[in-house]
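The lines below spell out each chain.
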Amino acid sequence: MKNIVVWTIKSCEGFVMGRKGNCELVGYDFMIDENLNPWLIEINMSPSMEYSTPVTKKLVKMVLQDTAKIIASTKKTNEVGLFKCIYKGD
């Protein structure tokens, strides 16, 4: 799954430009087949943060807390909460 995320980011480098002082939360939807292979279903810009199940309620709360930690952080680090940097770009 990490490789798929990195490949999708690399595929749009040079086409999607960031702006200083801004960030975007991106959601990846995967499906796992019977052989445990991940399949990318879709990528969502600004994904919904609604609670649709008890599992999403727990996950959304964790994502929002860690996102706030990253935004507020003054330290350069590769890990914040459960987030880990998997690609920094060229």
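Just above, that's the structure.
This one's a predicted model, so the numbers in the text were calculated from it and none came from an experiment.

**Some points on the overall build of the chain**
Then comes step 1: Looking only at helices and strands, the chain has two helices and four strands in total.
Then comes step 2: Listing every helix and strand of the chain by position from the N terminus yields α-β-β-α-β-β.
Then comes step 3: Along the first, second and third principal axes, the C-alpha atoms of the chain reach 40 × 30 × 20 Å.
Then comes step 4: Expressed as a percentage of the 90 residues in the chain, the buried residues total 12%.

**Let's talk about the pairing of strand 2 (residues 38-45)**
Then comes step 1: As defined by bridge partners, strand 1 (residues 26-32) adjoins strand 2 across seven bridges and the pair is classed as antiparallel. Each residue of the ladder has a partner; that of D29, found in strand 2, is E42.
Then comes step 2: Following strand 1, the chain reverses through five residues before pairing antiparallel with strand 2; L36 in that reversal takes a positive phi of roughly 65°.

**Focus: helix 1 (residues 2-11)**
Then comes step 1: Within helix 1, burial applies to I4, V5, V6 and T8.
Then comes step 2: Of the surrounding secondary structure, the elements contacted by the buried residues of helix 1 are strand 1 and strand 2.

**Here's the deal with a nonpolar patch on the surface**
Then comes step 1: A surface patch of nonpolar side chains, about 320 Å² in accessible area, is lined by V26, L40, I43 and M45.
Then comes step 2: The greatest single-element share of the nonpolar patch, amounting to three residues, is contributed by strand 2.
Then comes step 3: Structurally, the position occupied by M45 is in strand 2.
Then comes step 4: Taking the relative accessible area as the measure of exposure, M45 reaches 53% and is therefore exposed.

**With respect to the pattern of salt bridges**
It is possible for side chains bearing opposite charge to pair when their charged atoms get close.
Then comes step 1: Under the defined criterion, the tally for this structure stands at one salt bridge.
Then comes step 2: As a salt-bridge pair, D66 and K69 come within 3.5 Å of each other at their nearest N and O atoms. With D66 and K69 both in helix 2 (residues 54-72), this residue pair falls three residues apart, about one helical turn.
Then comes step 3: On the basis of relative accessibility, which here comes to 7%, the residue D66 falls in the buried class.
Then comes step 4: Using a relative accessible area of 45% as the deciding quantity, one classes K69 as partly exposed.

**Topic: helix 2**
Then comes step 1: With 19 residues, helix 2 should cover 27 Å at 1.5 Å per step; its first-to-last C-alpha distance of 28 Å lies within 8% of that length.
Then comes step 2: What helix 2 keeps buried is the set V60, D66 and T67. For helix 2, the angular spread of buried residues about the axis comes to 140°, placing them on one side. Set apart from the buried face of helix 2 by more than 90 degrees, the exposed residues are P54, K58, Q65 and A72.
Then comes step 3: At its buried positions, helix 2 is contacted by strand 3 (79-80) and strand 4 (83-84).

The rules behind the values
- The residue count restarts for each chain, going from 1 along the sequence in the order it is written.
- For this predicted model, a pLDDT threshold of at least 70 governs which residues receive local features, and a threshold of 80 or more governs which side-chain atom pairs are given and counted, while totals over whole chains, interfaces and linings are taken from all residues.
- Derived side-chain values reflect all non-hydrogen atoms in the structure, with water molecules and hydrogen atoms excluded from consideration.
- Helix numbering and strand numbering both begin at the N terminus, where a helix is a DSSP run of H or I of at least 4 residues and a strand a DSSP run of E of at least 2.
- Here the term buried applies to any residue with accessible area under 20% of the maximum for its type, exposed to any over 50%, and partly exposed to those in between, with areas from a 1.4 Å probe on protein chains only.
- Pairing between two strands is assigned when DSSP locates at least 2 bridges connecting them.
- Residue contacts are defined here by distance: any two heavy atoms, one from each residue, within 4.5 Å place the two residues in contact.
- Distance thresholds for patches are 9 Å for like charges and 5 Å for nonpolar side chains (Val, Leu, Ile, Met, Phe, Trp, Tyr), applied to residues having over 30% relative accessible area and no salt bridge.
- Accessible areas in this description were obtained via Shrake-Rupley with a 1.4 Å probe; residue shielding takes into account the shown protein chains only.
- One speaks of a salt bridge when a side-chain nitrogen belonging to Lys or Arg is within 4 Å of a carboxyl oxygen belonging to Asp or Glu.
- A helix's residues, less one, multiplied by 1.5 Å, set its expected span.
- For this quantity, the arc is that covered by the directions from the helix axis to the C-beta atoms.

In short, the description is geometric, and any link to function would need to be established separately.
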